[in-house]
Structures are given as C-alpha cells and as structure tokens.
Amino acid sequence: VIPFYRAYSVSPAHLDAHLDFYERLGRIGALSKKRKELIAVAVSAENGCRHCTGLHAGFLRAHKVEENVVAALAAGPGAALDAGAVTGADAAILRYALKLTRTPRAMTADDVASLRVAGLSEAEVFEVALLTGYFNYTNRVGEGLGVEPE
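Residues numbered from 1 in each chain as written. Predicted model: local features only at pLDDT ≥ 70, side-chain atom pairs only at ≥ 80, totals over all residues. Heavy atoms only, no water.

## Points about unusual backbone geometry
Phase 1: Its identity is not glycine, yet Lys64 carries a phi of approximately 65°, on the positive side.
Phase 2: The topology assignment puts Lys64 in the loop between α4 (50–62) and α5 (67–75). (Helix = DSSP H or I, 4+ residues; strand = E, 2+ residues; numbered from the N terminus.)

Right, dumping it as structure tokens:
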C-alpha cells in the first residue's frame, strides 16, 4: 500500500471515497491521461509534495514523456516551462495550473481565455481547473499528514 493510502487507513470510508473520486477523474473526461499527469507532476512538485511528485512522475513516464522533461518538471516546473521543456498547449495548461496553485486570488478571465487560445475545449478548460484543485487538495492532505515517499 502506498504511503498516501496508509495515511487514509484510519478512516476507511474516507479512503474509499477518495479512491472512487481519483479513479473517476482518471477514467473520464476530455483531457488525455498524459495531460492529467502533467498537471499532477507540476502541481505536486510546486507544492513540494515529494510522494505525489514521484508517484505521478512514474505515471508520466508510462505515457512516454521523455525522461528529461519528466525530470525537469519534477525538479522545478516553473523553470522547466521557462527553459522550454514543455511547449504549446501543454505549456499553457501548466502555466495556468502553476498560477492557480501559487496565487489563486490572482486568477482572471484572461487566464481562462489563455487555455481557449491554446486550443482547449470548454470541457478541457474545466478539467484543468478541477485537476489543479484536486492535486492541490491531495498535496495538502499528504503534506499535512507527513506522507513521505518510500
């Protein structure tokens, strides 16, 4: 059992609810699984959640993302974007996710519009915001309970 789930083990009902929601987020929606994992790695790395960063970096590798890109995002997603490790619509997604993670009160309609300009559908825009919020939530729970990678 991974450390994050062990932290939930004191409340099986909450673990079941979390796993159900996580499974559904991964299975349904307009965003590709690769893009979902890009968000997971960038947000988790930005939040300093080593467990989630490592776990989702592994999932990103499984989606055939080049190792240098995965390593750069895991080490510093802002620097990775600045260096051009991620480009195009994926970069727009991660810039949005990082801003929402760092400064949620600073988000504007222009930030949402930047995703549309990058070619995302309304469903994809919604999912970028939803997944960014979700991974910020899981990072807070993990960090709040002292979850560390094995």
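The discussion continues.
## Digging into the pattern of salt bridges
Phase 1: Tallying each qualifying case throughout the model produces 11 salt bridges.
Phase 2: As a salt-bridge pair, Lys34 and Asp90 come within 3.3 Å of each other at their nearest N and O atoms. Placement of Lys34 in helix α3 (residues 33–47) and of Asp90 in helix α7 (residues 88–102) is noted, with a sequence separation of 56 residues between them.
Phase 3: By relative accessible area, Asp90 is classed as buried at 13%.
Phase 4: Salt-bridge contacts for Arg50 lead to Glu148; the nearest nitrogen and oxygen are separated by 2.3 Å. (Salt bridge = Lys/Arg side-chain N within 4 Å of Asp/Glu carboxyl O. Buried < 20%, exposed > 50% of the residue type's maximum accessible area, 1.4 Å probe, protein only.)

## Topic: the environment of Tyr5
Phase 1: Position of Tyr5 relative to the elements: it lies in helix α1 (residues 3–8).
Phase 2: Distance from Tyr5 to His18, taken between C-alpha atoms, is 9.4 Å for residues 13 residues apart in sequence.
Phase 3: Ignoring any residue separated from it by four or fewer positions in sequence, one finds Tyr5 in contact with Leu15, His18, Leu19 and Tyr22. (Contact = heavy atoms within 4.5 Å.)

## Points about helix α9 (residues 122–144)
Phase 1: The terminal C-alpha atoms of α9, which comprises 23 residues, lie 33 Å apart, in line with the 33 Å expected from a rise of 1.5 Å per residue.
Phase 2: When α9 is considered as a whole, its buried residues turn out to be Glu124, Val125, Glu127, Val128, Leu131, Thr132, Tyr134, Phe135, Asn136, Thr138, Asn139 and Gly142.
Phase 3: Each element contacted by the buried residues of α9 is listed here: α1, α2 (12–27), α3, α4, α7 and α8 (109–117).
Phase 4: Positive phi appears at Gly146, one or two residues downstream of α9, with a value of about 70°. (Expected span 1.5 Å × (residues − 1).)

## Considerations on the nonpolar core
Phase 1: Grouped together as the largest cluster of nonpolar side chains are 33 residues, with contacts concentrated most on Ile39, Leu73, Ile93, Leu94, Leu115 and Val128.
Phase 2: Elements supplying a minimum of two residues to this core: α3, α4, α5, α6 (77–82), α7 and α9.
Phase 3: By residue number, the principal contributor to this core is α7, which donates nine residues.
Phase 4: Those residues in contact with Leu115 that lie beyond four places of it in its chain are Ala92, Ile93, Tyr96, Leu120, Val125 and Val128. (Core = buried A, V, L, I, M, F, W, Y, C linked by side-chain atoms within 4.5 Å.)

## Section: the packing of aromatic side chains
Phase 1: Taken as a whole and judged by the stated rule, the model has six aromatic pairs.
Phase 2: Summarising the aromatic geometry, the rings of Tyr22 and Tyr134 are spaced 6.2 Å apart at their centres and angled 20° between planes, so their arrangement reads as stacked. Here Tyr134 lies in helix α9 and Tyr22 lies in helix α2, a separation of 112 residues in the sequence.
Phase 3: The exposure class of Tyr22 is partly exposed, given its relative accessible area of 23%.
Phase 4: Of the residues examined, Tyr134 reaches a relative accessible area of 5% and is grouped as buried.
Phase 5: Between Tyr134 and Tyr137, the aromatic rings sit 6.2 Å apart at their centres with planes inclined by 50°, giving tilted as the arrangement. (Phe/Tyr/Trp six-rings, centres within 6.5 Å; stacked < 30°, edge-to-face > 60°.)

By themselves, these observations are geometric and do not establish any function.
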